[in-house]
Amino acid sequence: MGKGFFISKVVAVVCVVVAISAVATIIALSVVYAQEKSKNQETPTTATTAGPGTQTTTPSTPKEPWQRYRLPDSLSPISYNVTLWPRLTPNTDGLYIFSGYSTVLFTCVKETDLILIHSNKLNFTMFDGYHAQLKAVDGASAPQLKKSWLEVPTQYLVIQLSSPLQAGSTYELFTEFVGELADDLGGFYRSEYDEDGVRKILATTQMQPTDARKAFPCFDEPAMKAVFHMTLIHPHGTVALSNSMNYDGLNLIQTSFGPTEIMSTYLLAFVVCDFGFIQSDLGANIRIWARKKAIEEGQGAYALEKTGPILSFFEKYYKIPYPLKKSDQIALPDFSAGAMENWGLITYRETALLYNPAVSSNGDKEWVATVISHELAHMWFGNLVTTKWWNDLWLNEGFATYVSYLGANYAEPDWNMSDLIVLNEIIGVMAVDALASSHPLSSKEADVMRPEDINALFDSITYSKGAAVLRMLSSFITEEVFSNGLNTYLEEFKYKNTVYQDLWKNLQTAVDNAGIQLPHSVEVIMNRWILQMGFPVVTIDTKTGKISQKHFLLNPDSVVDVPSEFNYEWFVPITWIKTGAAKDQYWLLTKEATNADMTTGDGDWLIANIDMKGFYRVNYDSENWDRILTKLSTQHQDIPVINRAQIIDDAFNLARAKIVSTTLALSTTRFLNTELEYMPWQTATRNLDYFVLMFDRSEVYGPMQGYINKKVTPLFKHFEELTANWTKIPEKHTDQISPNLRTTVYCSAIAEGGAVEWDFAWKMYKSATIASEAEKLLYALSCTKQPWLLNRYLEYCLDPTMIRKQDATFTINYIAGNPIGQPLAWDFIRANWAHIFNDYGGGSMSFGRLISGVTKRFSSEFEYKQLLQFKEDNINQLGSAASSFEQALERTKANMDWVALNKELVFDWFTSEISGTV
């Protein structure tokens, strides 16, 4: 998701250097983590009055079909004909509403006297006491309706019939309804913005995963693909958009659209707005839509420039032409996710599509390119071919996350984007997957039923670990073979649904055709990576050549109570170099093995997991660690740059797991005063940020600051010289330096100022017309040291007129990132949880991130007990954050143990380092 980067104190020390670095990549002050994934934000819901006959309870053990969360397999939709009329002004009750009617054409697959169709928060027109009208097609007779009602818990319109529908026959179901065009960011909703002093309202959609049913009655499951015929009635002066091209131009009263391709309900989209657009007719008809002022200022130009090349890349990568006649992309002022891959009408947050070179940073530009690439990747993988059910969401989103870096790398070849997946996705998710409370990539269908279960899957495991294991697979079968397997998979299942085994079978065929020898089949190898949580730490003893693997846990004392049929062992592809020379890949297929080639002589050093293509950590015997540290201190360039970052990250995490000493981990940062590359520096700052979180309120913080300053000073001087005392823009650095420094400058000014400065920045935020600028100010406002200002800012988070709902979660997390704000944010969350849960949605995909952000500093018994008590007090109001509470409790316990064990040692090490010479 294109949201919410956190600036740590460590990053603040080095940010000026990092911001201007021209080495290897165009770099942001902080690379935004978690993509459209991101979809990890609010999709709250607002209650409306249910229709007559509503039943409100569902037994814990379902007995009737309408008490189950999955549709029966008796009916299959063919097409929908839907007309909707959104009202962009409130009615006499002050509500924004929409009205509509829908006809769904469906086939009876199995004889049944029951129709179940999803509906949520819609009020129906009654026809002779029933919620719908049914008729048969081709002159046949339809059974009479016997009873109809709304089953609220499972979100169904239930229709019982007096006699059964006949298998093989086709029927039409007509409904007429009214819904609220709420500001809840889900289903058919409204977004508001100001332009030239005028308040504007637009109507838009977010259907994924289960909110198409809020717009019109539908069979709202991914496997229930159909063709959609949409018509939108809208005011004069507005335009209407949907997945397919409109008929006869833009009719200002009623716009009808051509039939869509056969697709899932969650990919449907429609918008009514008065936006402007720019377009390109090269290949697909590409249009970028946004607020008129944003278009006039050229903020859509970069997206338009890069969409064509990225589409071309994927056409070559998949070996299949773009499946549609047009590609609309629209930037919305209010949008819960980073972006959504609606087929032919992709919706974005403004920060994920718009770019203004005058004020946007390099990180903003990188984010736009990556998110566009992610969404366009879905046009084939996810849309043309769709997974059958949400338990395989990881395949859809993990794949798009992985190849988004390939597409962005093609569009911006100077950025080394294919390497940055290590920083943006892999390193971060390893910290999550190293918890005993993690979860496997693939779940059983039976374990993912309720909407809140589905929403909970939109997490970093699904996106980032999914990307990591697919990248690993692509590496050991080669990218060319991977691409060939994708092609046959897409060709075989286009316009259909699949399970992950279908992909494995096609990749296996490609492997066999290429003559690649694997120790087991693709499916057998990959099952160990997707059907059990976690990953191994591989330990290599270079004295004996002994290699072993063990389930890596950040807290070695945590208990894994989820059994695995594989006993938490993996088939591990080990790539490695010895004294700089690449060696043949080795497969670790058992818990322990021996490879004599991995023994080293005097002066030799060995590094495994080259470029971090494998999803595992590596530990070595102490002698090899010493030789690696020596090589880093003398000729660090002999070690690949990604592996220099890997060495730091592995060492710090191995230390937290009590596998190596904390002093060894800290020693991996000694060479940084001679390091000019971004990735090792960024990895070091992230790991030292943990030390900041644990020690910034203790005596350790002073010596730690001194050490970091000692390491960054030579780098600062290097770039001072490179830029002629900051007057020259370095080669390959395509933007001004100043936009990259704004976040830090704003934050520092607010931190050193008081109410006057805070109010000035707040006024700037409210009047900002560029989303990326507003986002920087939103973060900077959390930097104040005044508790009363932070408390006021927290109150603003629950007032949508002050802070948009899409930004509330991240704003609270920004405040929690401030040492002064952290206890205030925790108190605020506890005091307002019921309101947050009810008004911002118990199924919100960002609740997990909220809990993680507010509790990341917790490291005391008192905080642990507070967290445990809060969980127990709200056990029925956790929604999709339930697993995040378990992870927070586990992290807090690990933090407590780590601080007790390391505080004195860390203080002594930093003190010793700053007393010596560089």
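Since the structure is predicted, the reported quantities are computational estimates derived from the model, not experimental observations. (Residues numbered from 1 in each chain as written. Predicted model: local features only at pLDDT ≥ 70, side-chain atom pairs only at ≥ 80, totals over all residues. Heavy atoms only, no water.)

Enquirer: Explain helix α23 (residues 847-855) to me, please; I cannot follow it from the model alone.
Expert: An α-helix turns once per 3.6 residues; consequently, residues spaced three or four apart project the same way. With eight of its nine residues buried, α23 lies for the most part within the structure. Residues of α23 that are buried: Phe847, Gly848, Arg849, Leu850, Ile851, Gly853, Val854 and Thr855. (Buried < 20%, exposed > 50% of the residue type's maximum accessible area, 1.4 Å probe, protein only. Helix = DSSP H or I, 4+ residues; strand = E, 2+ residues; numbered from the N terminus.)

Enquirer: How should unusual backbone geometry be read in this particular structure?
Expert: Excluding glycine, a negative phi dihedral is what most residues carry, and trans is how most peptide bonds are arranged. Omega for the bond connecting glutamine 208 with proline 209 falls within 30 degrees of zero, at 0°, which places this linkage in the cis form. Along the chain, proline 209 turns up in the loop between β10 (198-206) and β11 (227-233). Notably, asparagine 567 is not glycine yet its phi reads approximately 55°, a positive angle. On the secondary structure map, asparagine 567 appears in the loop between β23 (546-551) and β24 (572-574). In the Ramachandran plot, threonine 579 falls in the positive-phi region, its phi being about 50° despite a non-glycine side chain. With respect to the element layout, threonine 579 can be found in the loop between β25 (576-578) and β26 (581-582). Under the relative-accessibility criterion, threonine 579 is labelled partly exposed at 37%.

Enquirer: Looking at this structure, how should I read the sheet that holds strand β28 (residues 592-594)?
Expert: Strands pair in a sheet through their backbones, by hydrogen bonds, and they do so in one of two ways: parallel or antiparallel. Across the sheet, which stays open at both edges, the four strands sit in the order β28-β23-β22-β30 with mixed pairing between neighbours. If you trace the sheet from one side to the other, it starts and ends with β28 and β30 (617-620), each paired once. Going across the sheet, the axis of each strand differs from the next one's by a mean of 20°, ignoring polarity. Both strand β22 (residues 536-541) and β23 contribute to a ladder of six bridges, which runs antiparallel. Across the sheet, valine 537 pairs through a bridge with lysine 550, a residue of β23. With respect to the sheet, helix α13 (residues 641-656) is in contact with β22 and β30, its orientation differing from that of β30 by roughly 80°. (Pairing = 2+ DSSP bridges. Axes fitted to C-alpha atoms, helices over the stretch in contact; angles between N-to-C directions. Contact = heavy atoms within 4.5 Å.)

Enquirer: Looking at this structure, I do not really get the state of the cysteines. What am I missing?
Expert: A covalent bond between the sulfur atoms of two cysteines is referred to as a disulfide. Applying the stated criterion to the full structure yields one disulfide. Covalently, cysteine 747 is tied to cysteine 783 through a disulfide, its sulfur atoms 2.0 Å apart. Here the S-S torsion is close to -105°, and the disulfide linking cysteine 747 with cysteine 783 is therefore left-handed. Highlighted residues: cysteine 747 in helix α17 (residues 738-752) and cysteine 783 in the loop between α19 (771-780) and α20 (787-796), separated in sequence by 36 residues. For cysteine 747, a relative accessible area of 17% corresponds to the buried category. Accessibility expressed as a relative area gives 10% for cysteine 783, which makes it buried. (Disulfide = S-S within 2.5 Å.)

Enquirer: Just checking my understanding: could you explain the sheet that holds strand β7 (residues 156-165) for this structure?
Expert: The three strands lie next to each other as β3-β7-β6, forming an open sheet whose pairing is antiparallel. Either end of the sheet is taken by a strand with one partner, and the two such strands are β3 (112-118) and β6 (145-151). Going from strand to strand, the sheet's axes swing by 20° on average, the running direction of each strand aside. As judged from the six bridges shared by β6 and β7, these two strands associate in the antiparallel manner. Bridging from a neighbouring strand, serine 148 pairs with isoleucine 159 of β7.

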